[in-house]
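These are the residues of each chain, in order.
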Amino acid sequence: MARVPLVAGNWKMHKTVREAVETVSALVPLVGAVEGVDIVVCPPFTALADVGRALAGSKIELGAQDMHWEPQGAYTGAVSGPMLWDLGCTYVIVGHSERRRHFGETDEAVGRKTAVAFAQELVPILCVGETLEERDAGRTEEVVARQIRLGTPDLTPEAAAQLVVAYEPVWAIGTGRAATGEEANRVSGLIRGWLRKRFGEAAEAVRILYGGSVTPQNIAEFAGQPEIDGALVGGASLDPHAFAAIVLAAAGRA
Ligand code: PGA
């Protein structure tokens with residue numbers, strides 16, 4: 001099945017509103033005409049509204065970095081799916097390893113968020129990946145299988161086909177030490193196999209991204225793998241030129 005690659009930029013806790021708007025204003029002309037790839041930027045919550053306006057009419061979609069599973073309520077500091085949707089978000093990252101590690105997010109919480117994202121018309125980018133300790137202990141498959149099992153709710157085949165999974169080995173995030181294309185492809189293939197058991201044929205349509213120290217220099221190694229359908233990019237997505245180079249490579253244009 002031909003899957004359209006997706007490149008998503010996760011800006012994490014970077015950029016004021018002004019800096020964020022400047023970044024996308026530079027990015028739009030660089031990738032505006034590129035076909036054969038879907039593009040998403042995920043600024044901090046504070047910049048979503050202005051970035052959304054700056055993206056209007058472009059092919060770049062807006063995503064958030066996290067969401068709460070309740071639509072509203074007494075959850076100080078949290079932001080809900082309907083609030084994101086209202087700002088024009090179409091994607092939301094769930095279960096990023098930094099949320100799991102620094103904010104104590106459990107697999108169960110991630111699963112609730114994934115379910116609610118679908119219910120609120122946001123496409124979840126479900127992040128999974130093992131730590132260095134888990135990898136060294138030979139537990140990569142067990143850990144990622146559990147994250148997939150608990151992170152994906154029961155979904156109709158139509159919804160499951162929309163799902164995006166980002167395989168991000170924790171030891172590769174922000175370290176400059178990316179996985180090899182071969183290893184990332186192997187784990188992505190396992191992920192697709194687990195999704196197939198769960199959702200049948202719909203798993204063939206799920207986009208599985210690689211994330212962890214992706215750069216313009218190494219993107220080709222991942223984009224060329226049969227089980228990898230794009231990238232979730234952190235540090236390199238902060239620079240519009242670097243991000244555009246990754247997008248063009250993922251589209252097979254560089
Ligand atoms: P990185 O981050 O590209 O800076 O390693 C990736 C991510 O956390 O999604």
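Before going into details, it helps to say that this report is about the structure given with it.

### Here we look at the site of the ligand
- For the ligand, the set of nearby residues contains 13 residues, the closest of which are Lys12, His96, Glu168, Gly174 and Ser213.
- Glu168 places a side-chain nitrogen or oxygen 2.6 Å from an oxygen atom of the ligand.
- Burial of the ligand by the protein amounts to 95% of the accessible area it has alone, namely 280 Å².
- Its residues assigned to classes, the shell around the ligand shows four nonpolar, seven polar and two charged.

### A look at the packing of helix α7 (residues 140–151) against helix α9 (residues 181–199)
- Running from N to C, α7 and α9 point in directions that differ by 40°, and their axes come no closer than 10 Å. Comparing their axes, α9 and α7 come out oblique. As α7 packs across α9, the resulting crossing turns out to be right-handed. Contacts from Thr140, Glu141, Val144, Ala145, Ile148 and Arg149 in α7 reach Arg186, Val187, Leu190, Ile191, Trp194, Leu195 and Arg198 in α9.
- Taken together, the residues of the contact of α7 with α9 sort by class into eight nonpolar, one polar and four charged.

### Some thoughts on the nonpolar core
- Counting residues in hydrophobic clusters, the biggest one holds 66 residues, and the most contacted among them are Val41, Val51, Leu84, Val165, Ile191, Leu195 and Tyr210.
- In terms of residue count, helix α11 (residues 240–250) provides more of this core than any other element does, seven residues in total.
- With residues near it in sequence (within four places) discarded, Val41 still touches Gly9, Trp11, Val24, Leu27, Val51, Leu55, Ile60, Glu61, Leu62, Gly63 and Phe243.
- With 13 residues, the next largest nonpolar core counts Ala8, Val40, Val123 and Ile125 among its residues.

### A few points about unusual backbone geometry
- With phi around 85°, Lys15 is a residue other than glycine that occupies positive phi space.
- Relative to the helices and strands, Lys15 resides in the loop between β1 (6–10) and α1 (17–31).
- You will see that Ser213, though not glycine, has its phi angle at about 60°, which is positive.
- Positionally, Ser213 belongs in the loop between β7 (207–211) and α10 (219–223).

Each value, and the rule that gives it
- Residues numbered from 1 in each chain as written.
- Predicted model: local features only at pLDDT ≥ 70, side-chain atom pairs only at ≥ 80, totals over all residues.
- Heavy atoms only, no water.
- Near = heavy atom within 4 Å.
- Polar contact = N/O pair within 3.5 Å; in protein donor to acceptor, adjacent residues only side chain to side chain.
- Areas by Shrake-Rupley, 256 points an atom, 1.4 Å probe, with all protein chains shown as cover.
- Nonpolar A, V, L, I, M, F, W, Y, C, P; charged D, E, K, R; others polar.
- Axes fitted to C-alpha atoms, helices over the stretch in contact; angles between N-to-C directions.
- Helix = DSSP H or I, 4+ residues; strand = E, 2+ residues; numbered from the N terminus.
- Parallel < 35°, antiparallel > 145°, perpendicular 65-115°, else oblique.
- Left-handed = near helix turned anticlockwise from the far one by under 90°.
- Contact = heavy atoms within 4.5 Å.
- Core = buried A, V, L, I, M, F, W, Y, C linked by side-chain atoms within 4.5 Å.
- Buried < 20%, exposed > 50% of the residue type's maximum accessible area, 1.4 Å probe, protein only.

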